[in-house]
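Observations on chain architecture
Residues per chain, in single letters:
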Amino acid sequence: MFALLITLLFCHYLADFCLTMPVMIRAKADGKPLWPIALHALVHAVLMGVCLLVFGVRWELLAQLLLLEFASHYIIDTLKARLSAHFPILADARRKTYWMLYGFDQLLHHLVVIVIWYLAIYWLC
C-alpha cells in the first residue's frame, strides 16, 4: 500500500507545481482573491480523488477524504498567503523566514496526505 502513498504524494507535487496556473500563483501571493485558491484546492482534491478511485476507495469514504483535502489545502494556502501579505519578511524568497514558512506549509500538506493515505488503507484492509 506504499504505492498509494507515493502516488498521493506525486499527485500533490503535480497539483502544487505543475498544474498551478498564473492566476492561482498571484492569489497565493497575498491571499486575494479567494476563488483561485479554492480552484487550486479543487485541483488537488480531483487529482487525489482519481488516485483513490484507482486504488479502490469506496465512494462514501472518497467524498470525506476529498473534503478533507480540499478544505485543508484551501485553509493552509490562504493562511500562508495572508501571513506573507501581512509580514513582508515572509514573502521575500531571499530570506530564511520565507523558506521556513514554505517548508512548514509543505509539511502540513504532506501530513494531510499521510492522514488521507492512512484512512484509505485502514478502510481498504
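Refer to the structure printed above.
Residues numbered from 1 in each chain as written. Predicted model: local features only at pLDDT ≥ 70, side-chain atom pairs only at ≥ 80, totals over all residues. Heavy atoms only, no water.

A short note on a nonpolar patch on the surface
So the rule is basically this: Like-charged residues are merged into a patch within 9 Å and nonpolar side chains (Val, Leu, Ile, Met, Phe, Trp, Tyr) within 5 Å, provided each residue has over 30% relative accessible area and no salt bridge. All accessible-area figures derive from a Shrake-Rupley calculation using a 1.4 Å probe, and residue coverage is judged against the displayed protein chains alone. We define a salt bridge as a contact between a side-chain nitrogen of Lys or Arg and a carboxyl oxygen of Asp or Glu at a distance within 4 Å. Secondary structure elements are defined from DSSP: runs of H or I of at least 4 residues count as helices, runs of E of at least 2 residues count as strands, and each element is numbered from the N terminus. Whether a residue is buried, partly exposed or exposed follows from its accessible area with a 1.4 Å probe, protein chains only, as a fraction of its type maximum: under 20%, in between, or over 50%, in that order.
The grouping of Leu42, Val46, Val50 and Val54 at the surface amounts to a nonpolar patch, some 370 Å² of accessible area in total. Mapped onto the fold, Leu42 is located in helix H3 (residues 34-54). Residue Leu42 is classed as partly exposed on the basis of its relative accessible area of 43%.

So, the layout of surface pockets
Put simply, the test is: Of the grid points, spaced at 1 Å and generated over the protein atoms alone, those admitting a 1.4 Å probe that cannot get out make up cavities, while open sets with protein on both sides within 12 Å along at least five of seven lines make up pockets; any residue with an atom within 4 Å of a point is treated as lining. Grid points are joined across faces, edges and corners, and a volume is the space filled by probe spheres set on the points. By the convention adopted, Pro, Cys, Tyr, Trp, Phe, Met, Ile, Leu, Val and Ala count as nonpolar, Lys, Arg, Asp and Glu as charged, and the other residues, Gly among them, as polar.
By volume, the largest pocket is sized at about 360 Å³. Lining the largest pocket we find 16 residues, and of these Ile25, Lys28, Lys80, Tyr98 and Tyr102 sit closest to its centre. At the level of secondary structure, the elements contributing two or more residues to the lining of the largest pocket comprise helix H1 (2-18), helix H2 (22-30), helix H4 (59-86) and helix H5 (96-124). Partitioning the lining of the largest pocket into residue classes produces eight nonpolar, three polar and five charged.

Describing the nonpolar core
Side chains that are nonpolar tend, in soluble globular proteins, to be buried together. To keep it simple, the criterion reads: Each nonpolar core is a collection of buried residues, namely Ala, Val, Leu, Ile, Met, Phe, Trp, Tyr and Cys, held together in the definition by side-chain atoms within 4.5 Å. It only takes one pair of heavy atoms within 4.5 Å for two residues to be counted as in contact.
Ranked by size, the top nonpolar core spans 17 residues in total, and within it Leu4, Leu8, Leu52, Val57, Leu65 and Ile116 carry the most contacts. At the level of elements, H1, H3, H4 and H5 are the ones that each hand at least two residues to this core. For this core, the element with the highest residue contribution is H5, accounting for six residues. With residues near it in sequence (within four places) discarded, Leu52 still touches Leu4, Leu8, Val57, Leu62, Leu65, Ile116 and Ala120.

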